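Report on the structure
Listed below, chain by chain, are the residues.
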Amino acid sequence: MRSDTTVAIGLAIGGAFGLAGTFVASAPLRETLWAIDGVALVVATALLTMKYQRLGNDCVAAGFLTFLAGESLLLAGNAAGLEASVPSYVGGISLWAAALVLISVANTFALWIRLTGLIAAILFVVTVAMVLWGAPLLPTSAPLPAAGYPFLVLTFAGWIWTLVRPTQ
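From a predicted model like this one, the values you see are computed outputs, not experimental measurements.

The secondary structure content of the protein chain amounts to 6 helices and 0 strands. The C-alpha extent of the protein chain, read off along each of the three principal axes, is 45 × 30 × 20 Å. Looking at the protein chain residue by residue over its 168 residues, the buried ones come to 46%. Sequence-distant contacts in the protein chain: of pairs separated by 6 or more residues, those separated by 24 or more amount to 69%. Put simply, the protein chain shows about 8000 Å² of open surface, and 73% of that area lies on carbon and sulfur atoms.

Next comes the structure, spelled out in structure tokens:
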């Protein structure tokens, strides 16, 4: 139970600070918000990996482990600034997309949570493809990749809801 609370707090911090970082103009503030976001999400997804592995749900556990790897790449590139972070950003959101697919294809979470995860994954894959084909996108660019972030945060909200709702 204590680890579920830690996960819920980590996901909430990750979602809130990640979104906030996307919309601030100050580079030092953005990097600080994203550093906090990244650490919170790494801790939360590490605990979720362990939880679902213990439950025998290997696909979901692998998804959370993959998300952790992607978030670690994002965290590593964060201090380099927006332009210099693009290579680690593309690698990170590629892993986010793979993770969201792994987590969403299993029938573990409610359908709405799985759909928001899949929509985020699709938007991140399109972003990756655009960057790889030469589009000058940054982590803060709109409409992509920014359109994927609200779906990712909704997915986090669903994971939190799953953790904290009373069991039937």
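Anyway, onward from the coordinates.
Once that is clear, we can look at the packing of helix α2 (residues 27-54) against helix α3 (residues 58-78). Between α2 and α3, the shortest axis-to-axis distance is 8 Å and the interhelical angle comes to 160 degrees. Considering the angle they form, α2 stands roughly antiparallel to α3. Like other packed secondary-structure pairs, α2 and α3 cross with a definite hand, here left-handed. For the contact of α2 with α3, a count of residues per class yields 15 nonpolar, 6 polar and 4 charged.

For the rest of this paragraph, the subject is helix α6 (residues 148-164). Helix length check: α6 (17 residues) gives 25 Å between terminal C-alpha atoms against 24 Å at 1.5 Å per residue, within 8%. Those residues of α6 not exposed but buried are Gly 148, Tyr 149, Leu 152, Thr 155, Phe 156, Gly 158, Trp 159, Ile 160, Thr 162 and Leu 163. Elements in contact with the buried residues of α6: α1 (2-23), α2, α3, α4 (86-105) and α5 (111-132).

This brings us to α5. Across its 22 residues, α5 extends 31 Å between first and last C-alpha, which sits within 8% of the 32 Å expected from 1.5 Å per residue. Those residues of α5 that fall on the buried side of the exposure criterion are Ile 113, Arg 114, Thr 116, Gly 117, Ala 120, Ala 121, Phe 124, Thr 127, Val 128 and Val 131. On an axial view of α5, the arc spanned by its buried residues comes to 160 degrees, and they lie on one face. Away from its buried face by more than 90 degrees, α5 exposes Leu 111 and Ile 122. Next to the buried residues of α5 lie α4 and α6. Directly beyond the C-terminal end of α5, a positive phi value near 105 degrees is found at Gly 134.

Of all hydrophobic cores here, the largest spans 37 residues; its most connected members are Leu 11, Phe 64, Trp 96, Phe 109, Phe 124, Leu 152 and Trp 159. Of all the secondary-structure elements, those providing two or more residues to this core are α1, α2, α3, α4, α5 and α6. When residues in this core are grouped by element, the largest group, 9 residues, is from α4. Ignoring anything within four residues of it in the chain, the contact list for Phe 124 reads Ile 93, Trp 96, Ala 97, Leu 100, Pro 145, Gly 148, Tyr 149 and Leu 152.

To continue, consider a nonpolar patch on the surface. Together, Trp 112, Leu 154 and Trp 161 line one region of the surface with nonpolar side chains, adding up to about 300 Å² of accessible area. Positionally, Trp 112 belongs in helix α5. Looking at Trp 112, the relative accessible area reads 40%, which means it is partly exposed.

Criteria and cut-off values
- Residues numbered from 1 in each chain as written.
- Predicted model: local features only at pLDDT ≥ 70, side-chain atom pairs only at ≥ 80, totals over all residues.
- Heavy atoms only, no water.
- Helix = DSSP H or I, 4+ residues; strand = E, 2+ residues; numbered from the N terminus.
- Buried < 20%, exposed > 50% of the residue type's maximum accessible area, 1.4 Å probe, protein only.
- Contact = heavy atoms within 4.5 Å.
- Areas by Shrake-Rupley, 256 points an atom, 1.4 Å probe, with all protein chains shown as cover.
- Axes fitted to C-alpha atoms, helices over the stretch in contact; angles between N-to-C directions.
- Parallel < 35°, antiparallel > 145°, perpendicular 65-115°, else oblique.
- Left-handed = near helix turned anticlockwise from the far one by under 90°.
- Nonpolar A, V, L, I, M, F, W, Y, C, P; charged D, E, K, R; others polar.
- Expected span 1.5 Å × (residues − 1).
- Arc of directions from axis to C-beta.
- Core = buried A, V, L, I, M, F, W, Y, C linked by side-chain atoms within 4.5 Å.
- Patch = residues over 30% accessible without salt bridge, like charges linked within 9 Å, V, L, I, M, F, W, Y side chains within 5 Å.
- Salt bridge = Lys/Arg side-chain N within 4 Å of Asp/Glu carboxyl O.

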